[in-house]
Amino acid sequence: MTILVSGLGGQLGHALVDQVPAKTIGLVRRSTGTTRLRRRIESRSREIELVEGDITARDWGLDRAALERLAEKVTCVVNCAGSTDWQGTAESLQVSNVVGAVYGVGFAARLAEISGRPVPYLQTSTAYVAGSAVGVVPETRLGAGGDRTRYEHFKWMGEQAVLRRAAELGVPLLLARLPALLGDSRTGETLYKNSLYLLSERWNDLPLGLLPAMKNARVDCVPRDTAAQVLIVLAEGLATQSLSDVEIVHITNGAQAPALRALVEAARMIDQHAFGKWVRIVAAGRDHVVNVSALGERFGRLSAKWQNTLIGLRYIGLDRSFDRVNLLTALDAIGKSAVAPSISLETAARLTFGLHPARESIVSPKHRSLVRFGA
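These notes cover the structure that comes with them. As a convention, each chain's residues are numbered from 1 in the sequence order in which they are written. Side-chain atom pairs in this predicted model are given and counted only at pLDDT of 80 or more, local residue features only at pLDDT of at least 70, and totals for whole chains, interfaces and linings cover all residues. Computation of side-chain values: all heavy atoms of the structure, hydrogens and water removed.

**Describing the nonpolar core**
- Nine residue types can take part in a nonpolar core, namely buried Ala, Val, Leu, Ile, Met, Phe, Trp, Tyr and Cys, and a core is a set of them joined through side-chain atoms within 4.5 Å. Think of it in three bands: with a 1.4 Å probe and only protein chains considered, a residue is buried below 20% of the maximum accessible area for its type, exposed above 50%, and partly exposed in between. Counting 55 residues, the largest nonpolar core has Leu196, Trp203, Leu211, Leu260, Leu263, Leu313 and Ile316 as the members making the most contacts within it.
- The way it works is that DSSP assigns letters per residue, a run of H or I at least four long becomes a helix, a run of E at least two long becomes a strand, and they are numbered from the N terminus. Take this core: its biggest share by element is 7 residues, from helix α8 (residues 260-270).
- Residues are treated as being in contact if the distance between any of their heavy atoms lies within 4.5 Å. Leucine 263 has contacts with Leu196, Val219, Pro258, Leu345, Ala348, Ala349, Thr352 and Phe353, leaving out every residue within four places of it along the chain.
- By size, the runner-up hydrophobic cluster in this structure holds 40 residues, among which are Cys76, Ile232, Val246 and Val339.

Here is the structure:
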């Protein structure tokens, strides 16, 4: 089995470099980032073949000769490329998250046409296409509306376009929605700071030190190496035609995602001096959290960093969980149920806030201050 993966230079891509099978091909754009990626691959002693292309072009920018060569060995196409810039322009988000994703379906169809066998397509998306939905978010196609941010809207549009195009071309498809990705579960290595960390950097500036969130808000974050492991297993399942009845999965913690209050309390216990000031979480309704998170986009007078900080509020302040019945069913069908995401409260706190690992755990699940919040 040979997987072709795009987006190896991103947060998830860095984790994939460390875990993909020996027979893996990476599609990359010609840039200075490609040189850094090659060095990372070499430093990890990984044998990953890199092919230069462009996801925003038909056939991902590859000529007939390159397509024929790839068609001989590629058994699954995995698209992890796309823009994760919450402040991206409509044009940039459209090109990266819609056009590139649709061209990916066409690319898989071309490989299938040349090889004479099905070449499935695995498209990564975000769990936040749910917009401002609360409660249990299903692993199904979601409708229009939903108070989506610009970034969420174009990710949603990408999903709709990919689903339609795959049906038209007869390409086996799996959409994998991901929540916010944390650093590596073992080393903490990360490319980006998550939503809660961005907020914590500005806690001293929050009015009265108050953080509005729904009473039972949960923070569903997954270490990037865990997400990569699950994605590889799903790609293997697609390639062996083990997932014919599954269309969309959530690579999330589901109902096991830690509560926001518990997460902040755990971080405080681990290192009381990590931040200059700790905020007080105050109960707020869904509309209040959503409206505050939309201030930056609606008025546009805040700095980009402040706008990202406010947008991140909806990813930690809403009372919801992302259903993962389809994910667990798929992993069970492949015989890999054990790789399903499952993060402890302490690990989540350390990775979320960038706290250094301790020699021994100092957060007990039976600690009185945590019991009332759940885990």
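**Details of the pairing of strand β7 (residues 173-178)**
- Where burial is concerned, most of β7 is hidden: 6 out of the 6 residues are buried.
- Across the two faces of β7 the burial is the same, with Leu173, Leu175 and Arg177 and Leu174, Ala176 and Leu178 all buried.
- By this definition, two strands are paired if DSSP reports at least two bridges between them. Where strand β5 (residues 121-126) meets β7, 6 bridges bridge the pair, whose relative direction is parallel. Residue pairing across strands places threonine 124 opposite alanine 176, the latter belonging to β7.

**Comments concerning unusual backbone geometry**
- Even without being glycine, aspartate 59 reaches a positive phi, approximately 55°.
- Mapped onto the elements, aspartate 59 comes out in the loop between β3 (48-52) and α3 (64-71).
- The phi torsion at tryptophan 60 lies on the positive side, around 55°, for a residue other than glycine.
- Mapped onto the elements of the fold, tryptophan 60 is located in the loop between β3 and α3.
- Its relative accessible area of 0% is what places tryptophan 60 among the buried residues.

**Focus on the layout of surface pockets**
- Think of a 1 Å grid over just the protein atoms. A cavity is a set of points where a 1.4 Å probe fits yet cannot get out, a pocket is an open set with protein on both sides within 12 Å along at least five of seven lines, and lining residues have an atom within 4 Å of a point. Grid points are joined across faces, edges and corners, and a volume is the space filled by probe spheres set on the points. Taken as a whole, the largest pocket encloses approximately 1,400 Å³ of empty space.
- In this structure, the largest pocket is lined by 48 residues; those nearest its centre are Gly10, Gln11, Gly82, Thr84 and Tyr192.
- Elements supplying a minimum of two residues to the lining of the largest pocket: α1 (11-19), β2 (24-28), α2 (32-43), β5, α5 (150-169), β8 (180-182), α6 (195-201) and α11 (304-313).
- Residue contributions to the lining of the largest pocket peak at 5 residues, all from α2.
- For the lining of the largest pocket, the residue count by class is 18 nonpolar, 22 polar and 8 charged. Each residue is assigned to one of three groups, with Ala, Val, Leu, Ile, Met, Phe, Trp, Tyr, Cys and Pro labelled nonpolar, Asp, Glu, Lys and Arg labelled charged, and all others, Gly among them, labelled polar.

Nothing here speaks to function; it is all geometry.
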